[in-house]
Structure formats: structure tokens, C-alpha cells
Amino acid sequence: MWIWIFGTLAVAAALIAIVGYFLFMRFRAPGGRTGRIEGVLLIDGKPAPPGTPVACSLSRECSSSPRWLSFITGVPREDVGQSFIMWSEYTMTEDEGKFAFERIPEGKANLGRAHGGLLRKSWLFGLVNISLESKIEADQERTVSVRANETTYVTLGVAATILRGRFVDPRDTGRTFNSVNSHCAFLSSKAELPEIPDDVPPEERDAWWKEFQASEEGLRWLERLQRMYHIAVDEQGHFSASNVQPGRYKLCAQLDHAPGGGTARPFGEYEGIVEVPSSDNGDAPVELDLGDLPLLLHFPLKPGEPLPAIPVRNHKGDPLEIPSGKDGYLLLCLWWPHDDIHGVVPKILKALEKSRARRNNIPEVFVITMDGQWAPAHHQLRGKKPDWPLKFVSEEDSLRLATTFGVRSSAFFLFSPEGTLIEGEIAPEGLKSSLRRAQYARAM
């Protein structure tokens, strides 16, 4: 009997080992064809110190949902290309900023200096990512082609512009910040879209795009488009970014403030366009000082304060009027559909509209999409028109609303018939409790 048990376990272990080895080799290196990357990382024109992390990843595009899921649920399948990381790895620089990656799957690999916490190797078994790595932000980014049984040589962070400046309080440019934390700060490329020739018929434009992106000119355009630089901000608002290549960029920063070491609150934001000129200084980096950049400060609306008269525009540029709520209670929702990955806000609003048919004390609902674009909301709503008013505002006015109401994520604001705030910054999961409290106070 024991021989039978041990024999069965041995056979099962052998089968598991064989299947595991096959899956590992199949998805670790598609097709078993791998190459090698050797490179040098430069920071401010000098070799990076030993131990600087460098990230390498390969991505693959797939549709937004598999065909079998559309067949089962009956929800139309959207053929929208979404990139996901199918393989990633990191290494550390050695002397003179040198680094190397072994056994890289054949294809186009993204390389860059890594920022962040814990870095771990990751790969995909089918569509399941078993990696535990934290989010990696990479600057000095390059896309290289990896060929089987060949070594690709690359230099990251060629000597370029060092960007410097300071975020300031517009009420007092001489004020020194204290305990300011960078919630998010980055520099992203604003590369213009290439123009499709007029003689290309509409039915051939997709093919033209694919051919363009595979060309040398298209690869250079994609590289410019993918440039993103991490902005380091200190507690006094001074910031810097290294190795910024010439081009047109969008500078975005979100700063938090934790007075006395307390809970961090949104403090101020900045958005602007930065032109980085070409340098004739040879291999030496050049400094570009942007000077003092005034923040758009957060002034959270407090209970008892009236709804501010904020001139905002919709996505077409036409003025958008926010209801005053004087005809009844008003529930204003600022919605970031891009971050609402589970569609929590639409589900809550749909439930409210169903309750309206049974009860007449449901407040008027007014929803503003804060992403500055239609696609994320369209995806969350599954292409269906909502039963509640939904308005879109421009990206610039979205920032103005966010700072006026003091929020960066989806939240509700309940106003009285007199137009004053009853309760604000209501998280979606806390809306039911807030409405109950308002109804109780109304009954009093």
C-alpha cells in the first residue's frame, strides 16, 4: 500500500514539475527565443552610482475583454487595445553605471531608471500576473529591439537639461513651505500627432498607422511620446528633474500638506506647458530654471458655505451652469471615472434613481466628469446613456473645480434648498449614511 501511495505521489510530482517547467519556459520567454541587453546609465551626464535600479519590461496589447466573456454576459465587446506587462525584471548598475539584462524575450523592450519601493521579477501565466512588485516610475526611458541570440547595446540618460524651479503660494511668493509632500509630480511629453496624408483613403488609415509605427520615424515619435520624467519635490517646494530631452512637455504636480505631522490634506496643484530647448553644450548637462510657479491652492468648502460661483466650460468650450439647489436639495457629484475602476459611482446613482420612483425626498443629482475626456465615462457606463444629468468639463476647469472643493477623488456634496453646503467630501461608500443624517435633521 505504501509503495502505491509513494508511487502515485512521485508520478504526480513529476507531472507537476513537467507542466510547471513548460509554463515557465513558455511564458517566461515566448517561443524560447531570448537576447541580451548591455547598457550604461547616466545621471546628469555622469555614470550612475553602483546600486541604481534599472527596470526592463515587455508589454503586449489585448482587447478590453475576451470574446467568451462577451458571449456569456451579453455585453458588447469593445475592441480597444490595452497594454499589459507580460514580462518585467530589474537589475542594479555596477561600476561606471554599467548594467546588463540576461535572457530577455525577443521583441521590443522598455528600459528606464526605476523609482519606487520593492522591485521584484514578474511574469504572466496566461492572464494572471503573479508579481508583487510596487509601481515603478521610470525616466531616462528608451525602447529597444531585442533579437534572439544577440546583444543590444544602449545608453540611458544621455546628457541633457536639468530642470529646476519652485512651487510657491500665489498669496505670498516669499513664503517658505513647511512639511509639503509630493503626492504626484511628473513631466509628460506633448508630442504632436503625425498627420495622415490626404491621399490615404479612410479604409486604409489603420494600415497606414501600423506601418508608420513600425518605421524608424514612427519609433522615434513613439519614443518622444512615451517620455515621462519623475519630478522630485522637497518640503519647501523646490523641484528638479534630470536628463530632460528637448521637446514640449506638460508639467503636473499635486502637493499635500501635513501640518504638525497630522493627516495629509491636498494643498495645491500646478499644470503648465514647458518648452525644453535643444542644447549646444556638447556632453555637459544644461540647467533650465523655471523660477517660481504659483500653485492653485485647495480651499475645501465647509458646511454652511454657499455653492461658489465657478465659471466652468464643458468639453465643447460652452459655459456650464451648475444648479444652485434653491428649488430643493442638490447632490453634486465630482466623478473621476478613470479611477473608478469598479464603476461604484454609476451603481450608486442608478440605485438613487430607482429610489426616486418610490420616494419623493431624493435630492436632485448633478454629476460632473472630472477626467476632461469622454472615453473613461463611456467605458464605465458601458456605452449607455445614464438616467441622471452627466456633464463634462474641460481639463483646465476640472482642476479649478478640484481645488475649489478640495478633493482629488470621486466625492459627493449635499446642498440645502438655501444653497449652502450641508455635508461635503462624502465618499461614495458613505453616501447612504449622509443622506439618512440629512433626512433626520430635516424631520427635526
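In this text, all values refer to a predicted model and were calculated from it rather than measured experimentally.

Calculation notes
- Residues numbered from 1 in each chain as written.
- Predicted model: local features only at pLDDT ≥ 70, side-chain atom pairs only at ≥ 80, totals over all residues.
- Heavy atoms only, no water.
- Phe/Tyr/Trp six-rings, centres within 6.5 Å; stacked < 30°, edge-to-face > 60°.
- Helix = DSSP H or I, 4+ residues; strand = E, 2+ residues; numbered from the N terminus.
- Buried < 20%, exposed > 50% of the residue type's maximum accessible area, 1.4 Å probe, protein only.
- Salt bridge = Lys/Arg side-chain N within 4 Å of Asp/Glu carboxyl O.
- Pairing = 2+ DSSP bridges.
- Contact = heavy atoms within 4.5 Å.
- pLDDT = per-residue confidence, 0-100.

Caption draft 1: Here's a closer look at the packing of aromatic side chains. Counted under the stated rule, the structure contains 10 aromatic pairs. Ring centres of Phe167 and Tyr270 lie 5.9 Å apart, and the angle between their planes is 50°; this geometry places the pair in the tilted category. Here Phe167 is found in strand E11 (residues 161-168), whereas its partner Tyr270 is found in strand E17 (residues 265-276), with 103 residues between them in sequence. No difference in accessibility class separates Phe167 from Tyr270, as the two residues are buried. Members of the aromatic cluster, joined through ring pairs, are Trp208, Trp209, Phe212 and Trp221.

Caption draft 2: Fine view of the pattern of salt bridges. For the coordinates displayed, the defined rule picks out 11 salt bridges. Across the salt bridge formed by Arg164 and Glu287, the nearest N and O atoms sit 3.3 Å from each other. Residue Arg164 is located in strand E11, and its partner Glu287 is located in strand E18 (residues 286-294); the two are separated by 123 residues in the primary sequence. Residue classification places Arg164 among the partly exposed residues on the basis of a relative accessible area of 33%. The closest approach of N and O atoms between Arg313 and Asp397, which form a salt bridge, is 3.1 Å. Taken together, the positions of Arg313 in strand E20 (residues 312-313) and Asp397 in helix H7 (residues 395-405) put the pair 84 residues apart, joining distant regions of the chain. By relative accessible area, Asp397 is classed as buried at 1%. Each of the salt bridges in this network shares a partner with another, and the network as a whole consists of Arg36, Glu38 and Glu102.

Caption draft 3: View of the sheet that holds E11. Across the sheet, four strands lie side by side as E14-E15-E11-E18; this open sheet has mixed pairing. This sheet does not close on itself; its edge strands, each paired only once, are strand E14 (232-233) and E18. Here E14 pairs with strand E15 (residues 238-244) via two bridges, running antiparallel. What sits directly across from Ala232, in E15, is Ser240.

Caption draft 4: Geometry of the pairing of E15. Across the seven residues of E15, five count as buried, placing the element largely inside the fold. With five bridges joining them, E11 and E15 adopt antiparallel strand pairing. Bridge pairing links Arg164 to Ser240 in E15.

Caption draft 5: Inspection of the environment of Val367 at higher detail. Within the secondary structure layout, Val367 lies in strand E23 (residues 364-369). Residues in contact with Val367, not counting those within four places in the same chain, are Cys333, Trp335, Leu349, Trp388, Pro389, Leu390 and Lys391.

Caption draft 6: Layout of the pairing of strand E12 (residues 180-189). As paired elements, E12 and strand E16 (residues 247-257) share nine bridges and run antiparallel to each other. What sits directly across from Asn181, in E16, is Asp256. Summarising the sheet, E12 and strand E13 (residues 228-230) pair through three bridges and their orientation is antiparallel. Looking at E13, one finds that Ser188 is bridged to Met228.

Caption draft 7: Fine view of unusual backbone geometry. The backbone phi angle of Asn149 is positive, close to 60°, even though this residue is not glycine. Secondary-structure assignment places Asn149 in the loop between strand E9 (137-146) and strand E10 (151-156). In the Ramachandran plot, Glu425 falls in the positive-phi region, its phi being about 55° despite a non-glycine side chain. Structurally, Glu425 is set in strand E26 (residues 421-426). Residue Glu425 is classed as partly exposed on the basis of its relative accessible area of 30%.

Caption draft 8: Just the sheet that holds strand E19 (residues 296-297), in detail. A sheet is described by the order of its strands in space; here five strands give the open sequence E13-E12-E16-E17-E19, paired in antiparallel fashion. Of all the strands in the sheet, just E13 and E19 have a single pairing partner and so form its edges.

Caption draft 9: Inspection of the confidence of the model for the protein chain at higher detail. Summarising the model, the protein chain shows a mean pLDDT of 75, and 76% of its residues fall at 70 or more. Across residues 68-74 the pLDDT falls below 50, and counting only partners more than four positions away or on other chains, this stretch makes four contacts in the model. A low-confidence stretch, residues 122-134 (pLDDT under 50), is modelled with 29 contacts involving residues beyond four sequence positions or located in other chains.

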